[in-house]
Amino acid sequence: MADTTPAPAPAPTETAARAPRRGFRLGLRFKFTLTLTLFILVIMGAASFIIQRQQRAALDREVRERGLALARALSANSVEPISLGTEATLQIMLLVKDVIQNSDDPEAIRKSQRVQESLPRMVWRYVQSLGEETETVKMRNEGVLFARVVDPTGKTIAAADAALPPEKWFEEIDKPYQPPAETQVLSPGEDERIRESPVNNGTYVIAVPIHQRAATATAEPGGPAGTNSSVEAGRPSGAFLGSVYLGMSLGIVRRALALALAKLILIAFGVLGAGILIALWITGRLVAPIRLLRDGALAVGGGQLETQVHIKRRDELGELAATFNDMTRGLAERELIRGAFGAYVSGDVLNDILANPEAMKTIGGVKRRITMIFTDVRGFTAMAGQLEAESVVSVINEYLDIQAKLVRKYNGHLDKYVGDAVRAVFGVPNEREDDAERAVRCAWEIKLEVARLVAERGRRGEPNPKIGIGIDTGDVVAGNIGAASAKLEYTVIGDHVGTSETCMGVARDPDAVGGQ
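Residues numbered from 1 in each chain as written. Predicted model: local features only at pLDDT ≥ 70, side-chain atom pairs only at ≥ 80, totals over all residues. Heavy atoms only, no water.

Engineer: Go over the pattern of salt bridges, please, and point to the residues and values.
Structural biologist: Per the stated rule, a full pass over the model turns up 19 salt bridges. With a shortest N-O distance of 2.8 Å, E192 and R72 are connected by a salt bridge. On the criterion of sequence distance, the pair formed by E192 in the loop between α6 (166–169) and β3 (193–197) and R72 in helix α2 (residues 28–83) is long-range, its members being 120 residues apart. By relative accessible area, which is 42% here, R72 ends up partly exposed. For D434, the salt bridge goes to R438, with nearest N and O atoms at 3.1 Å. Residue D434 is classed as partly exposed on the basis of its relative accessible area, which comes to 32%. A relative accessible area of 9% places R438 in the buried class. (Salt bridge = Lys/Arg side-chain N within 4 Å of Asp/Glu carboxyl O. Helix = DSSP H or I, 4+ residues; strand = E, 2+ residues; numbered from the N terminus. Buried < 20%, exposed > 50% of the residue type's maximum accessible area, 1.4 Å probe, protein only.)

Engineer: How would you sum up the pairing of strand β2 (residues 156–161)? Please name residues and give values.
Structural biologist: Burial analysis of β2 places 6 of its 6 residues in the buried class, which makes it a mostly covered element. Strand direction decides the pairing type here: strand β1 (residues 144–150) and β2, joined by 5 bridges, are antiparallel. Following the sheet pairing, V150 is matched in β2 by T156. (Pairing = 2+ DSSP bridges.)

Engineer: Before we move on, could you go through the sheet that holds β2 and cite the residues and values that matter?
Structural biologist: A sheet is described by the order of its strands in space; here 5 strands give the open sequence β2-β1-β5-β4-β3, paired in antiparallel fashion. The open sheet terminates on both sides in strands that have one partner only, identified here as β2 and β3. Looking at each pair of strands side by side, their axes are set apart by 15 degrees on average, direction ignored. Pairing between β3 and strand β4 (residues 203–211): 5 bridges, direction antiparallel. Note that in β4 the partner of R193 across the bridge is A207. Contacts from helix α3 (residues 89–99) reach β1, β2 and β5 (240–249) within the one sheet, and its direction differs from that of β2 by about 30 degrees. (Axes fitted to C-alpha atoms, helices over the stretch in contact; angles between N-to-C directions. Contact = heavy atoms within 4.5 Å.)

Engineer: Account for the nonpolar core, naming residues and giving values.
Structural biologist: Judged by nonpolar contacts, the single largest core of 33 residues is most densely connected at V96, V149 and L246. If you list the elements that add at least two residues to this core, you get α2, α3, β1, β2, β4, β5 and α7 (251–301). Ranked by residue count, the leading element in this core is α2, at 8 residues. When near neighbours in sequence (up to four residues on either side) are disregarded, V149 contacts L74, S78, I82, I92, V96, K155, T156, I157, A158, I210, S243 and V244. Grouped together as the second largest cluster of nonpolar side chains are 27 residues, V392, V395, V407 and L453 included. (Core = buried A, V, L, I, M, F, W, Y, C linked by side-chain atoms within 4.5 Å.)

Given below as structure tokens:
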């Protein structure tokens, strides 16, 4: 079991609180569940289509074969009564009556004739009735809607119709037989035929001819061999006596398909419900750690680098959480190093080094063409002997603060403080084309700002020492200088470092406001 207990959540920052509201989004849980649902629906739909086609073909074949068997039996049983003439009409009527569907339950007959419903409506009706207990009703010759026996001229000899009351059957006798739509009467000499009619939402009309049975050949005493001993009413052997028409309802097929589809729908809903529950369970196990990682990332983005995500899983999400925690620890350590290193290296140089890690490869020592500024407060040592310690620190810090801000403004490297002196370098760790120009502009603005400070302190009656500024450009060596086991200092060394200090010493003009 995965342990997804989050670490104590820090107060959400503005960035973390705002990030989740960026536009409309669909969660992984919804997407995964929707995808699985669609997949199940497609599979069940394809299965239903295949099963429906196969079952329909099988049922169609069964209905046709059963109807053809009944029509053949009726044809065979009608030969003898037809041979007797009109006196056998009642006997043939009994035959056709026994062929059509019949049941002791009138409601069952009514339901069997309800074939005008659409397939979706039948499916829905069966879905509603699947949970109910239904009694099995016995029905004879289910699906046989009508039967007709006609003579060779096309007149009806006997008729029976499951949709009409028996007294209506006799009204068709001696009338020309009217075949259902898209079917036709059987011509003499034509063989069995099955046609589909749209009547009653689909009906197979099966036509079977009625032929006189061939008489058995026997030899009379003294007569020629092969002479028939019996000739039936003068009819030739195998004569066409009429036709049998049987109507088989496709409602049987439709009802069977509707019942099968209703069961498939219930199965599909069961599978779909189980699939959704499984999807929610799986996505719950996946989304919970992902949300923890998201919240952790938002917290880190808001500056809370100490954030840790506790996800104990032996899979990719567990590895991702461990990697995330390593990353946040690395970021926190980097920020700590940045803060510590920034106390010894100017912010601009530090940013350049962090932005360009390749520069660290050459930090051990590299030649650079730099421009250096060296400034010194004049007469500060003598003045310091006359002031209190707090006043000395206040005065020197005020001068140093002005110079440090201006060096930073012109992207220079504040190399070091030497007592009341400041050494700034332009051109490390990376050289720029305008290093010398920026150094001169910086020195000039230092001169103006110190002049303003001197005037202001003079108005207040406070000590107002002046400064001297020296500038030089040349090649030096830049890098970490010192003992690796004790202390290192990022600085520059070379002749031009001393030259800038010499220039600063020469810049002595006690009458110039702010020095030279």
